[in-house]
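# Structural features, examined
Okay, here's what each chain looks like letter by letter:
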Amino acid sequence: MLLDDRKLRRKLSIFLLIVVSQMVSTIAHASLWSTGYYPGWEQPSMPASQIDFTALTHIIHFSLVPDSSGALNSSDNNISTANSADLISHAHAAGVKVMICVGGASTETAFQGAASAANLSSFINNITNFIAARGYDGVDIDWEPLPATDFQLYTNLINGLRSALDGFPQHKLLTAAAGAYPVYGDPATSEYLMFASVQNQFDQINIMTYDLSGPYDGWVTWFDSPIYDGGYRFASSGGLVPSIDGAVKGFLGSRVATNKLGIGIPFYGYLWTGDVTQPRQSWTNPPAYPTASYNDIVASYYQPSVYHWDTSAQAAYLSITNADAANDMFISYEDQRACQAKVSYARNHGLGGVMIWELAQDHKNGQADPLLQSVKQALASPGVVSVQYTNQEITLNFSGIPLGSYRILWTDSLSNNAWNTLAITNVTGAAQQLQIVDPNPSGIAQRFYRIQSPQ
């Protein structure tokens, strides 16, 4: 961004270059990818014309259901020809890539048959033929669950699919939905090592960093998608509670490249119900644990007086006490602050991007989508920067997002590429307006500023 202020230039020529992860824009097409899942069954209530594609770099149409024979079922999730055309035409007009998802929850058995030696070739052909016929830009594989016993079949599918996609005249994307932690009972690093072995075949490996809790034996109430574990350990096992940071460290520790990884942002939450109101609580009788969209949670349960932010976990929740303790509630869900904190985490750790499940869960006709807009704003951070020149000082003002990390640099010449650090600032709480003062610009004919994130 170039600042041209005639009043400022009377005394000092100032140029402001806003550089945020190689992004210069208020639109969210940043070096971080922003990939959103869009289920076909949501299209009647959220047609593609209502999607804010400026908040996205990629969109995944969910989903084709595999058959154990290698066939693809497009009807179960309403992936009709008309729905494909509607999504692809609107997305491409906005410069957004569209992938078709194959899989989803509880598709392991079908994938096992489809990826068998007898069916693998026809399965891959069915996928690539579907992509070609409908005009998709690639495919997302969502094999769930993915235990270690399936790793060879999975590897064969990914290697074969990448080879087939390379036969297209234009590059076709191959992405994966990956579990945050190995399947229960598998070795602690098994899944991470498997993804490390095939990472070069993928354009994105999006970690499903949600559903990280439940009313299981030996557990406590915990968040659906916390960024950090806060050092809290299960009394039953001594192990750390799950977190985004724990999952990311698992992948990175097995040498999956940082720029291959995206972290998941859920547009929904869980309603722990039954004599629990806080995180880290145990129980006598397992609480109920239904899920609800962001829209439903806000409409039915949100009040400022019951809202809380857990600093150590970096997660939002509602704490509701009722006359009958059996109806008490601990509601773990995603709000705008949590979404933006996740974007900061991805940026601060050099990850490839973020992934959203799923776009319709905060959508209402005729209204802005609050969570999606918060992601968009975070990707565009710091956005508009204002500059003031008073009393021989230059003051830079810009918006910082939760967990945002910013380094402010200056130079008096772009030709030598020698940048000096003016300040480093970190946002530890909620989003806030940041102000940086350069007290010594006088006597210099010109000065250039750059704001980088992460630092």
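For the structure given in this document, a descriptive report is provided here. None of these values were measured; they are calculated from a predicted model.

With that out of the way, let us pick up the overall build of the protein chain. Assigned secondary structure in the protein chain consists of 10 helices and 21 strands. If you line up the protein chain on its principal axes, its C-alpha atoms span 75 × 65 × 45 Å. Among the 455 residues that make up the protein chain, the fraction classed as buried is 56%. For the protein chain, long-range pairs separated by at least 24 residues make up 72% of all intrachain contacts whose partners lie at least 6 apart in sequence. Here the protein chain displays about 18500 Å² of accessible surface, and carbon together with sulfur accounts for 49% of that area. Counting 22 positive and 35 negative side-chain charges, the protein chain places the centres of these two groups 17 Å from one another.

The final tally for this structure, using the stated rule, is 7 salt bridges. Between R162 and D203 there is a salt bridge whose closest N-O contact spans 3.4 Å. You can see R162 sitting in helix α5 (residues 151–165) and its partner D203 sitting in the loop between α6 (190–198) and β8 (204–208), a full 41 residues away along the chain. Overall, R162 belongs to the buried group, its relative accessible area being 6%. Look at D203 and you get partly exposed, because its relative accessible area is 25%. Note that K342 and E334 form a salt bridge whose closest N and O atoms lie 2.5 Å from each other.

The full count for this structure, using the stated rule, is 28 aromatic pairs. Ring centres of F111 and F123 lie 6.1 Å apart, and the angle between their planes is 70 degrees; on these two criteria the pair is classed as edge-to-face. Residue F111 is found in helix α3 (residues 108–114), and its partner F123 is found in helix α4 (residues 120–134); the two are separated by 12 residues along the sequence. The exposure class of F111 is buried, given its relative accessible area of 0%. Their ring planes at 40 degrees and their centres at 6.2 Å tell us that F195 and F202 sit as a pair that is tilted. There is no split in this pair, since F195 and F202 are both buried. What links up through ring pairs into an aromatic cluster is the set Y210, W222, F223, Y268, Y270, W272, W283, Y289, Y317 and F330. The aromatic ring of W410 is capped on one face by R447, whose charged end is 3.8 Å from the ring centroid.

Within a sheet, neighbouring strands are paired by backbone hydrogen bonds and run either parallel or antiparallel to one another. Spatial strand order, β11-β10-β14-β13-β12: 5 strands in an open sheet with antiparallel pairing. Only two strands of the sheet have a single neighbouring strand rather than two, namely β11 (291–293) and β12 (307–310). Strand-to-strand twist in this sheet, taken as the mean axis angle between neighbours without regard to direction, amounts to 30 degrees. Here 5 bridges tie strand β10 (residues 268–273) to strand β14 (residues 329–333), and the two strands are oriented antiparallel to one another. Counterpart to L271 in the pairing with β14 is I331.

Formed by 106 residues in total, the largest nonpolar core has its most connected members in I59, V139, I141, Y154 and F195. For F195, the residues in contact, after removing those within four places along its chain, are L146, Y154, A176, A178, F202, I205, F251 and V256. By size, the runner-up hydrophobic cluster in this structure holds 25 residues, among which are M208, V241, V276 and Y317.

Now for α6. Most of α6 sits inside the fold, with 7 of its 9 residues counted as buried. Every buried residue of α6 is listed here: S190, E191, Y192, M194, F195, A196 and V198. As for α6, its buried residues are in contact with α5, β7 (173–179), β8 and α7 (244–253).

Moving on: the side chain of D335. Position of D335 relative to the elements: it lies in the loop between β14 and α9 (336–348). Among buried charged residues, D335 stands out as having no salt bridge; its nearest opposite-charge side chain is R337, 6.7 Å away. In this structure the side chain of D335 is engaged in a polar contact, spanning 2.9 Å, whose partner is the backbone nitrogen of A338. In this view, D335 contacts Y294, Y307, W309, A316 and L371; residues no more than four positions away in its chain are not counted.

With respect to the helices and strands, S453 occurs in the segment after β21 (446–452). Separated by 3.0 Å, the side chain of S453 and the backbone oxygen of S405 make a polar contact.

What follows deals with helix α2 (residues 81–93). The first and last C-alpha atoms of α2 sit 18 Å apart over 13 residues, in line with the 18 Å expected at 1.5 Å per residue. For α2, the elements touching its buried residues are β2 (33–39), β3 (58–66), β5 (97–104) and α4. Looking one or two residues past α2, G95 carries a phi angle of roughly 80 degrees, positive in sign.

A few words on the environment of A430. Its location among the elements puts A430 in the loop between β19 (420–426) and β20 (432–438). Measuring from C-alpha to C-alpha, the distance between A430 and Q336 comes to 9.9 Å, with 94 residues separating the pair along the chain.

On to the packing of α5 against α6, then. Taken N-terminus to C-terminus, the directions of α5 and α6 make an angle of 25 degrees; their axes are 11 Å apart at the nearest point. With respect to each other, α5 and α6 are oriented roughly parallel. Here the hand of the crossing between α5 and α6 comes out right-handed. Contacts between α5 and α6 pair F151, Y154, T155, I158 and N159 from the former with S190, E191, M194, F195 and V198 from the latter. Grouping the constituent residues of the contact of α5 with α6 by class yields 6 nonpolar, 3 polar and 1 charged.

Reading guide: rules and limits
- Residues numbered from 1 in each chain as written.
- Predicted model: local features only at pLDDT ≥ 70, side-chain atom pairs only at ≥ 80, totals over all residues.
- Heavy atoms only, no water.
- Helix = DSSP H or I, 4+ residues; strand = E, 2+ residues; numbered from the N terminus.
- Buried < 20%, exposed > 50% of the residue type's maximum accessible area, 1.4 Å probe, protein only.
- Contact = heavy atoms within 4.5 Å.
- Areas by Shrake-Rupley, 256 points an atom, 1.4 Å probe, with all protein chains shown as cover.
- Lys, Arg positive; Asp, Glu negative; His and termini not counted.
- Charge placed at Lys NZ, Arg CZ, Asp CG, Glu CD.
- Salt bridge = Lys/Arg side-chain N within 4 Å of Asp/Glu carboxyl O.
- Phe/Tyr/Trp six-rings, centres within 6.5 Å; stacked < 30°, edge-to-face > 60°.
- Lys NZ or Arg CZ within 6 Å of the ring centre and 35° of its normal.
- Pairing = 2+ DSSP bridges.
- Axes fitted to C-alpha atoms, helices over the stretch in contact; angles between N-to-C directions.
- Core = buried A, V, L, I, M, F, W, Y, C linked by side-chain atoms within 4.5 Å.
- Polar contact = N/O pair within 3.5 Å; in protein donor to acceptor, adjacent residues only side chain to side chain.
- Expected span 1.5 Å × (residues − 1).
- Parallel < 35°, antiparallel > 145°, perpendicular 65-115°, else oblique.
- Left-handed = near helix turned anticlockwise from the far one by under 90°.
- Nonpolar A, V, L, I, M, F, W, Y, C, P; charged D, E, K, R; others polar.

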